[in-house]
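Analysis of the macromolecular model
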Amino acid sequence: MQAINTTWVLVSAALVLFMTPGLALFYGGMVRSKNVLAVMMNNFVAMGVVSVLWALAACSLVFGHDLGHGLLGNLSLAGLGGLGHGLPGFGRSGASPLAIVTFQMMFAVITAALISGGTTDRIKFPAFVLFIACWLFLVYVPLAHWVFSPDGWLAHRGVLDFAGGTVVEINSGFSTLAIVLVLGRRRGWPSEGMAPHSVPLSLLGVGILWFGWFGFNAGSALGMNGVAVYAFINTALAAAAGLLGWLCFERVREDYPTTLGAASGAVAGMVAITPCAGFVTPMASLVIGVLAGVICAMAVRVKFRLRYDDSLDVLGVHGVGGLIGMVLLGLFATRSVNRAGANGLFTGGGFHLLSLEVMAAVVTVAFSFTVTWLIAKAIDLTVGLRVSPEDESRGLDLTQHAESAYSIGGMGRIGN
Amino acid sequence: MQAINTTWVLVSAALVLFMTPGLALFYGGMVRSKNVLAVMMNNFVAMGVVSVLWALAACSLVFGHDLGHGLLGNLSLAGLGGLGHGLPGFGRSGASPLAIVTFQMMFAVITAALISGGTTDRIKFPAFVLFIACWLFLVYVPLAHWVFSPDGWLAHRGVLDFAGGTVVEINSGFSTLAIVLVLGRRRGWPSEGMAPHSVPLSLLGVGILWFGWFGFNAGSALGMNGVAVYAFINTALAAAAGLLGWLCFERVREDYPTTLGAASGAVAGMVAITPCAGFVTPMASLVIGVLAGVICAMAVRVKFRLRYDDSLDVLGVHGVGGLIGMVLLGLFATRSVNRAGANGLFTGGGFHLLSLEVMAAVVTVAFSFTVTWLIAKAIDLTVGLRVSPEDESRGLDLTQHAESAYSIGGMGRIGN
Amino acid sequence: MQAINTTWVLVSAALVLFMTPGLALFYGGMVRSKNVLAVMMNNFVAMGVVSVLWALAACSLVFGHDLGHGLLGNLSLAGLGGLGHGLPGFGRSGASPLAIVTFQMMFAVITAALISGGTTDRIKFPAFVLFIACWLFLVYVPLAHWVFSPDGWLAHRGVLDFAGGTVVEINSGFSTLAIVLVLGRRRGWPSEGMAPHSVPLSLLGVGILWFGWFGFNAGSALGMNGVAVYAFINTALAAAAGLLGWLCFERVREDYPTTLGAASGAVAGMVAITPCAGFVTPMASLVIGVLAGVICAMAVRVKFRLRYDDSLDVLGVHGVGGLIGMVLLGLFATRSVNRAGANGLFTGGGFHLLSLEVMAAVVTVAFSFTVTWLIAKAIDLTVGLRVSPEDESRGLDLTQHAESAYSIGGMGRIGN
Amino acid sequence: MKLIVAIVKPFRLDAVKGRLKELDVHGMTVTEAQGFGRQHGHTEVYRGAEYQVDFVPKIRIELAVDDSRVEEIVDAVVDAARTGSIGDGKIWVQPLDSLIRIRTGERGPDAL
Amino acid sequence: MKLIVAIVKPFRLDAVKGRLKELDVHGMTVTEAQGFGRQHGHTEVYRGAEYQVDFVPKIRIELAVDDSRVEEIVDAVVDAARTGSIGDGKIWVQPLDSLIRIRTGERGPDAL
Amino acid sequence: MKLIVAIVKPFRLDAVKGRLKELDVHGMTVTEAQGFGRQHGHTEVYRGAEYQVDFVPKIRIELAVDDSRVEEIVDAVVDAARTGSIGDGKIWVQPLDSLIRIRTGERGPDAL
Ligand SMILES: Nc1ncnc2c1ncn2[C@@H]1O[C@H](COP(=O)(O)OP(=O)(O)O)[C@@H](O)[C@H]1O
Ligand SMILES: Nc1ncnc2c1ncn2[C@@H]1O[C@H](COP(=O)(O)OP(=O)(O)O)[C@@H](O)[C@H]1O
Ligand SMILES: Nc1ncnc2c1ncn2[C@@H]1O[C@H](COP(=O)(O)OP(=O)(O)O)[C@@H](O)[C@H]1O
């Protein structure tokens, strides 16, 4: 049985790993052609930096023996050693502990990478690298311990979060809000047009995210069982419903259902189902997906009024989608799907679960926002977060990486 | 054992889900740059609409208890409930019923999506959505019940169809023919050039399809066993042989082996092996693949003579490829590969299987074409299938979705 | 247990199959826009030709009963028959033999495809096809027998090579060097600029390679067990470390860390970990990855001084990366990770393993280079390897395949 | 000699080329352009952000011709490019001091 | 009539268009161009190979105008396109023999 | 002042630029163009559909120069762009009424 569970977890880990290049494409397609490589690079460098730091120490701080009060793990698993004794708090019948922490590594990578959707077009590359290194230890690691480790204080209180509605989604959304407030708006935003330079690239990215999300959610069962199957179908249905929800909103609001809207809606649906995937029925997933699609479509429009430049809507889609998921989990969770779960408001469980979920969401918002804001401010005051106005106008690809994304014209790169 | 089978089926389901974005790219690359998003959107919206309808009712009509004569299932599984008792007609030792219907959901999605390859560049978006919703219930669902449900009348008679040569391939091909006859030709076709706007995008799409097709075919064993392994290698070999077959035909006929030909040949090979995958030997797969490559390469040229505008050759590749597969299955099937199968003409089984396969193919052609034609006609007479000539010439991306696919020039989107 | 192992091997086989389209994109993005399709086509045609030849005979020559002295297999498995008796030398408890040879087929495909990275922009298409067919039998097959068959003479002596540091990496690198020496430099290289036409395409390709490499390495455990898990995490960490290593080198040397450098570094890390994946600890993988990133970044610069035109650095990344991996395996291998392995110099095993690894590397370099050079020379003297100067300047897409990769301008393909 | 410059709708290029061939004109140079004029642009929407695009794709054709043929060629282009709807474009004629064929160094009408 | 050609920095196009609208000029044709001049290009690096790119993206604007308005329009464009830093571009004026509106066949100033 | 326009083969651009630098000409504007002429286009095939593409990629170079230097520069461009095979392109010279440097407002030869 351990072999099957490990197989499933490793397959899922590969799928989640693949999500980060998918995200790079999703983001890369949405920016202007002078900043494509820079935002993709932020994603790729997260794969490098976060993985290495995870193996060295972060993994242990999340899943090592609790240091007390469920606040942080110790360094017993540093360097991925000491796993022979299993993961503290996890049973021994599940997947291989090394497989589980590998799977979890991919979560840390993509959560960090998500933030680049807010900071795109204006963040210095070295500052971004420094930022995610600090942020991993000061924001991601504690939150992940609280929620994903059975000894974490939130998990311990009975907060349900199947695959990271708090740790991944709300966290990335509100961390992004914090850093973009420090970073400031892109020059010219929102008066100048900053239309996506390649929507097909973004659609491809979403295709990869959709594919990978099955690993993300169903893999979070950490083995092959009935809950994994539910998590799988629920992910598929929430994505589908989210897509339709967003399109309907656009159709009503602006007359045109857009492809970028379809893509965004699918992502919103999957974000919202993330905490719920292994706890709700397929029919509830449809409801969750549709609501996420509609509400996130509204949420991404807020920034134009409040004038914070969350460039690719990490807050509007992941932050808000995560909140929706946590709240709806409090309504729809049912032990008929997962005996290790709980019942929600609509399923006979009263307000208990709902209040726990809301509490966890609020804690995450407050913690992520505050600590990220402090990190961003500290970096801004020391090495500086933002490129010069001239570099911003020439584009980050050239000025940060000495590269151009494309050279497709009949004359190739002119002048060569 | 159930856990292993379920693992395999879920992995396969994820792979098949990934095929639809792959198809979107394959199609998107082949159209002109003003219609890229529209055709990709047709694929993405199929992921939304078909999934939701599948969960609500279509799944049950396919796999629910037979209403009589093997014609249709009942609503016992509506909303994906009632699966605790297993799928009617399926044994209990296989994969989880919920996993199986999830896997099958992906088949319905991609079959609907395939049709967009014929209607591209001129179909109204709302009409396409309405069309696939109707078509799912009136065409796909009955056919799938007949063939995929053990209680279906075709399955019951002993028709073999491993992964959907009828339900997916012939069905999509002849449904496409029907709708394009109602829809009419693209303005300017075939006199005006309508060359692919990005062949690399199409090649990427085929790469994804190739990858996903392993789930499609080998996953149709609905568990991990010797038949799944055969289905896997047969898929790989038929794709390879199809690629070579198409290239050889082009080399002889037009002097140039093309990359789009290579891609199309691989698809043709995989289409033809779809009904055969778990019933034939690897050497037979090579023959099936090569024949599919050559014959489909000839088939796609027919439309220029008969003047129906099956824009991206759904009939020529999927319709014809599916027919080839069904017929060759009647020749090459062997019980040495799959004891639950039968022997074909070349393997000592006489004409019995061949006649069954041909019968099933003919039934599918007749049923798909007729019912789809009626649906298309009905929609055309009510809401209208086709965009205005002016919208067609400005492109569907702008006129249906208010988007442009690309904005890559040095000046970004000019005028912003 | 066989079913689980087979599941893992088939999943891995699908992942490795997917690597070749990924490679096509990686390469396609790096060439100029007039040669994109040609280089992608070389990859796709390898999927066709090599697969078919593998099934017909190559597989048997690798894994069939040894003909003597561990030099070559016999034809007992030709046409993929005779597998019912298992693979000679492999135990019976592992994955299905048919699954294993399917998995191995994908290795042959991608190794052949890799060579196209050196020959791009100037090789005749038919010559390339002929070349890989000959090369498969004369170079790949013997090497694969020596290393991957338990009866091969290198394997027999105790050479460790987990997933093909010799057969795939060093082999492709030095075969490429040989053929490019025969083929000559691209006209205008290195004085004329030949910058990548689409870096995002290359990044996407690397994303796919990264994803697929988990199948490549962890699948080489040929089943699900502790070694597979190590191989998996080691691959992830070496890629991450390689990425950082290459970036640091660039930062120091040229001031700019580039995205293509990040992508190349990840590939270099995965190349180097290939022979080591199931034999070393995660911490050793970090060291191996970082060294590979830095050394390969240096190695790709050598060609400018020595003036051989290994266009996309197959030697610099795969050849050199493979050498690094083999040598470091001699240092870091540990039986604590894999009891079937051995200890290296730093882990108490003395010089024994190191000398074996170096010997195997040297044998591979000498054999690949020599035989490939002879094949290339023979083809060049008969059918000719290289296109005419005029065809080279018009681009291979048009002259070899009568296609253009892109037609994105506002006027579509002008003149149509 | 004169230089005729025509700004036309992209899908008329083929017709223009055909007509010129009939007139035995065997050379021209075209570029992609974007036009701003009476013809309306369009609106695009991405996640609720609306973009008003004022420019419309056009083709810019340059024809160097002998003085004697200017009228005839201008008329032919006007005729072939006309659809009758707004945005059909403009043609203008500019003086040329000299013209040279690079390959041979020929000058003037011979270089055409 | 005259043809005014302006080579400007891409991000100034909007300003130029705006200013021209104020002057009631309702037509122009623009193309993407690459400029070589005092303004420096940039260097790109791919796997250690350095590429010196001398050309800088520019927008080329063509405006056919009535003789009487040349000065005013040139001044407006100069004003709207100027940033004061190297590479702001050039404007030149060329004579036009004639101008025709394709849609109607109108000629001269009426065709604008 | 004069405007020299040269239509050349794309891969000759570097040579032309080099030669002009030698002559101390430090400014030009280039655009991608498609040429139709004696040089043949090519055929493309997609799933059996043949496309005859008549146009060939060209580079269009614009050089505003002082009258005194026209001959010398034209000769240099002809020389640098020539390969001797069909399709080498054309050069033509047009009169210029005036030229202005946007950055400074300088006019005439000083603006070059
Ligand atoms: N004054 C002008 N100078 C240069 N090009 C112009 C001018 N006016 C119009 N054009 C070009 O002609 C095109 C058509 O002009 P428009 O006013 O839209 O229609 P029409 O010429 O039919 O009245 C424009 O898109 C633009 O490219
Ligand atoms: N002699 C010329 N002929 C044509 N275009 C020119 C000429 N000189 C400059 N240009 C164009 O003007 C642009 C700006 O010129 P540059 O010398 O960089 O700056 P500035 O005009 O501010 O001195 C160039 O990029 C080029 O497009
Ligand atoms: N009459 C013309 N007006 C404008 N451009 C022309 C004309 N004739 C030729 N050209 C341009 O010059 C290029 C070369 O012309 P072509 O006839 O092919 O060769 P050659 O000039 O060597 O005889 C063409 O591709 C086109 O761009």
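Values in this document were obtained by computation on a predicted structure and should not be read as measured data. (Residues numbered from 1 in each chain as written. Chains lettered and ligands numbered in written order. Predicted model: local features only at pLDDT ≥ 70, side-chain atom pairs only at ≥ 80, totals over all residues. Heavy atoms only, no water.)

**So, the overall build of chain A**
Counting its secondary structure elements, chain A contains 15 helices and zero strands. For 416 residues, the compact-globule estimate of 2.2 N^0.38 gives 22 Å, and chain A sits close to it at 20 Å. Along the three orthogonal principal directions, the C-alpha set of chain A runs to about 65 × 50 × 40 Å. The 416 residues of chain A split such that 73% are buried. Look at the contacts in chain A between residues 6 or more apart in sequence, and 76% of them connect residues 24 or more apart. Carbon and sulfur atoms form 63% of the exposed surface of chain A, whose accessible area is close to 10900 Å². Looking at chain A, you have 21 positive and 19 negative side-chain charges, and the mean spots of the two groups are 2 Å apart. (Helix = DSSP H or I, 4+ residues; strand = E, 2+ residues; numbered from the N terminus. Rg over C-alpha atoms; globule rule 2.2 N^0.38 Å. Buried < 20%, exposed > 50% of the residue type's maximum accessible area, 1.4 Å probe, protein only. Contact = heavy atoms within 4.5 Å. Areas by Shrake-Rupley, 256 points an atom, 1.4 Å probe, with all protein chains shown as cover. Lys, Arg positive; Asp, Glu negative; His and termini not counted. Charge placed at Lys NZ, Arg CZ, Asp CG, Glu CD.)

**Looking at the environment of Ser202(A)**
Residue placement: Ser202(A) occurs in helix H7 (residues 199–218). If sequence neighbours within four positions are ignored, Ser202(A) has contacts with Leu25(A), Phe26(A), Gly29(A), Met30(A) and Leu260(A).

**Digging into a nonpolar patch on the surface**
Residue and element names in this part refer to chain A. Where nonpolar side chains cluster on the molecular surface, the patch consists of Val287, Val290, Leu291 and Ile295 and spans about 260 Å² of accessible area. When you line up the elements, valine 290 lands in helix H10 (residues 282–299). Take valine 290: its relative accessible area is 34%, and that puts it in the partly exposed class. (Patch = residues over 30% accessible without salt bridge, like charges linked within 9 Å, V, L, I, M, F, W, Y side chains within 5 Å. Salt bridge = Lys/Arg side-chain N within 4 Å of Asp/Glu carboxyl O.)

**Here we look at the environment of Val8(F)**
Along the polypeptide, Val8(F) turns up in strand S1 (residues 2–8). In this structure Val8(F) comes out as buried when scored by relative accessible area, which is 0%. A sequence separation of 31 residues divides Val8(F) from Gln39(F), and the C-alpha atoms of the two residues are 12 Å apart. With near-sequence residues (within four places) excluded, Val8(F) lies in contact with Ile102(D), Lys58(F), Ile59(F), Ile61(F), Ala81(F) and Asp88(F).

**Some points on the relation of the copies chain D and chain E**
Of the transformation superimposing chain D on chain E, the axial component is 0.0 Å and the angular component is 120°, with the fit at an RMSD of 0.0 Å. Overall, the copies show the geometry of a three-fold rotation axis. Considering only C-alpha atoms, the part of chain D nearest the rotation axis is Pro95(D), at 4.2 Å. (Least-squares fit on C-alpha atoms with pLDDT ≥ 70 in both.)

**Brief notes about the interface of chain D and chain E**
On the chain E side, the residues contacting the 32 residues of chain D number 29 residues. When chain D packs against chain E, close to 2500 Å² is buried across both sides, 56% of that on carbon and sulfur atoms. Along the contact surface separating chain D from chain E lie six salt bridges. Put simply, Arg107(E) and Glu71(D) hold a salt bridge, and the shortest N to O gap is 3.8 Å. Remark: the boundary between chain D and chain E carries 13 residue pairs in polar contact (both at pLDDT 80 or more). Sorting the residues of the side of chain D that touches chain E by element identifies strand S1 (2–8), strand S2 (28–36), helix H2 (70–81) and strand S6 (90–95) of chain D as the ones contributing at least two each. The residue makeup of the side of chain D that touches chain E, split by class, is 13 nonpolar, nine polar and 10 charged. Two strands pair when backbone bridges link them, and S2(D) and strand S2 (residues 28–36) of chain E are joined in this way by three bridges, in the antiparallel orientation. Residue pairing across strands places Gly35(D) opposite Thr29(E), the latter belonging to S2(E). (Buried area = accessible area lost by both parts, 1.4 Å probe. Polar contact = N/O pair within 3.5 Å; in protein donor to acceptor, adjacent residues only side chain to side chain. Nonpolar A, V, L, I, M, F, W, Y, C, P; charged D, E, K, R; others polar. Pairing = 2+ DSSP bridges.)

**Here's the deal with the interface of chain A and chain B**
Between chain A and chain B, the contact holds 45 residues from the first and 53 residues from the second. Buried area between chain A and chain B, both sides added, is near 3800 Å², and the carbon and sulfur share of it is 83%. Seen at the junction of chain A and chain B, the total is zero salt bridges. Our count for the chain A to chain B interface comes out at five residue pairs in polar contact (both at pLDDT 80 or more). Counting only elements with at least two residues in the side of chain A that touches chain B, the list comes to helix H1 (2–30), H7, helix H8 (226–254), helix H9 (259–273) and H10 of chain A. Among the residues making up the side of chain A that touches chain B, the classes are represented as 37 nonpolar, eight polar and no charged.

**Focus: the packing of helix H1 (residues 2–30) of chain B against helix H2 (residues 36–63) of chain B**
All names here are of chain B. It is the contact of H1 with H2, at a shortest axis distance of 8 Å, that shows an interaxial angle of 165°. One finds that H1 runs roughly antiparallel with respect to H2. The hand of the H1/H2 crossing is right-handed. Taken together, the residues of H2 that come into contact with H1 (itself represented by Leu17, Thr20, Pro21, Leu23, Ala24, Leu25, Tyr27 and Gly28) are Val36, Val39, Met40, Asn43, Phe44 and Met47. Of the residues belonging to the contact of H1 with H2, the class tally is 11 nonpolar, three polar and no charged. (Axes fitted to C-alpha atoms, helices over the stretch in contact; angles between N-to-C directions. Parallel < 35°, antiparallel > 145°, perpendicular 65-115°, else oblique. Left-handed = near helix turned anticlockwise from the far one by under 90°.)

**A closer look at helix H4 (residues 125–148) of chain C**
All names here are of chain C. If you check H4, its first and last C-alpha atoms are just 30 Å apart, much less than what 24 residues at 1.5 Å a residue would give, namely 34 Å. Bending of H4 peaks at approximately 45° at the position of leucine 136. Within H4, 17 of the 24 residues are buried, leaving the element largely enclosed by the surrounding structure. (Expected span 1.5 Å × (residues − 1). Bend = angle between axes of the 7 residues up to and from the residue.)

**Remarks on the relation of the copies chain A and chain B**
Between chain A and chain B, which share one sequence, the superposing operator has a rotation angle of 120° and an axial displacement of 0.0 Å; the RMSD is 0.0 Å. An asymmetric contact is evident, with only 18% of the interface residues of chain A recurring at the interface of chain B.

**A few points about the site of ligand 3**
Ligand 3 sits among 22 residues. The nearest are Thr29(D), Arg101(D), Arg103(D), Arg38(F) and Gly87(F). At the site occupied by ligand 3, the surrounding residues belong to chains D and F. At a separation of 3.4 Å, a nitrogen atom of ligand 3 approaches a polar backbone atom of Gly27(D). A distance of 2.8 Å is found between an oxygen atom of ligand 3 and a backbone nitrogen or oxygen belonging to Gly87(F). (Near = heavy atom within 4 Å.)

**Topic: the site of ligand 1**
In the region of ligand 1, 22 residues are neighbours, and Arg38(D), Thr29(E), Ala64(E), Arg101(E) and Arg103(E) sit closest. Residues within reach of ligand 1 are spread across chains D and E. Gly27(E) is positioned with one of its backbone polar atoms (N or O) 3.5 Å from a nitrogen atom of ligand 1. One of the side-chain nitrogen or oxygen atoms of Thr29(E) is found 2.8 Å away from an oxygen atom of ligand 1. Listing elements by their share of the shell around ligand 1, those giving two or more residues are S2 and S6 of chain D together with S2 and strand S5 (56–65) of chain E. Of all the elements, S5(E) adds the most residues to the shell around ligand 1, at three residues.

**Details of the packing of aromatic side chains**
This structure, assessed with the given rule, holds 63 aromatic pairs over all chains. Here the aromatic rings of Phe26(A) and Tyr27(A) are separated by 6.1 Å at their centres, their planes lie at 20°, and the arrangement is stacked. The burial state of Phe26(A) is the same as that of Tyr27(A); both residues are buried. Between Phe211(A) and Phe211(C), the aromatic rings sit 6.0 Å apart at their centres with planes inclined by 85°, giving edge-to-face as the arrangement. (Phe/Tyr/Trp six-rings, centres within 6.5 Å; stacked < 30°, edge-to-face > 60°.)

**Details of the nonpolar core**
It is characteristic of soluble globular proteins that their nonpolar side chains tend to be buried jointly. Trp210(A), Trp210(B) and Trp210(C) are the most contacted members of the largest nonpolar core, which has 529 residues in total. Other than its neighbours up to four places away in sequence, Trp210(B) contacts Ala239(B), Ala240(B), Leu243(B), Ala266(B), Met270(B), Leu17(C), Phe44(C) and Met47(C). (Core = buried A, V, L, I, M, F, W, Y, C linked by side-chain atoms within 4.5 Å.)

**Considering the side chain of Lys9(D)**
Assignment of secondary structure puts Lys9(D) in the loop between S1 and helix H1 (13–22). Looking at Lys9(D), its side chain comes within polar contact range of the side chain of Asp88(D), at 3.4 Å.

**Examining the side chain of Asn234(B)**
All names here are of chain B. Note that asparagine 234 resides in helix H9 (residues 226–254). Assessed through its relative accessible area of 0%, asparagine 234 is described here as buried. Within polar-contact distance, the side chain of asparagine 234 engages the backbone oxygen of valine 280 at 2.8 Å. A polar atom in the side chain of asparagine 234 sits 2.9 Å from the side chain of serine 285.

The values reported here are purely geometric and, on their own, carry no functional implication.
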